[in-house]
Amino acid sequence: MAFIKLAIVGFLVLTVIFLSVSAYSRSVRRERLEKRWAEENPGADLAERDAYVEAGMEKYFSGFRRRLIVLVYVVPVVVVGLIVWLTNTN
């Protein structure tokens, strides 16, 4: 029963961390796109900037960096599993 409680609490904590890292990463990416647009196109139309940023965000969502954030779930589970396995085999 203790293992189930650990799994549920761990999943909830990892979900909060995943959502936080994901939101931060999107925010940084959007800010970088907006700065790049401002440097390359001073005084340009805001609608064009929004289209540029949205196109960049679509590339981000399908990109590799976004998929790396899933490791927030994978790495802790593997580490805990490895620790449990090493503890029980020795």
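Participant: Quick one: what's the story with the overall build of the chain, residue by residue and with numbers?
Facilitator: A tally of helices and strands in the chain yields 4 helices and 0 strands. The helix and strand sequence of the chain, counted from the amino end, reads α-α-α-α. The C-alpha radius of gyration computed for the chain amounts to 20 Å, which surpasses the reference 12 Å derived for 90 residues by more than 25%, pointing to a less compact arrangement than a globule. Principal-axis analysis of the C-alpha atoms gives the chain an extent of 65 × 20 × 15 Å. Here the chain holds 90 residues, and 16% of them are scored as buried. Considering only contacts in the chain between residues 6 or more positions apart, those separated by 24 or more positions represent 65%. Accessible area of the chain: about 7100 Å², with a carbon and sulfur share of 68%. Side-chain charges in the chain split into 12 positive and 9 negative, and the spacing between the mean points of these groups amounts to 13 Å.

About the criteria used
Residues numbered from 1 in each chain as written. Predicted model: local features only at pLDDT ≥ 70, side-chain atom pairs only at ≥ 80, totals over all residues. Heavy atoms only, no water. Helix = DSSP H or I, 4+ residues; strand = E, 2+ residues; numbered from the N terminus. Rg over C-alpha atoms; globule rule 2.2 N^0.38 Å. Buried < 20%, exposed > 50% of the residue type's maximum accessible area, 1.4 Å probe, protein only. Contact = heavy atoms within 4.5 Å. Areas by Shrake-Rupley, 256 points an atom, 1.4 Å probe, with all protein chains shown as cover. Lys, Arg positive; Asp, Glu negative; His and termini not counted. Charge placed at Lys NZ, Arg CZ, Asp CG, Glu CD.

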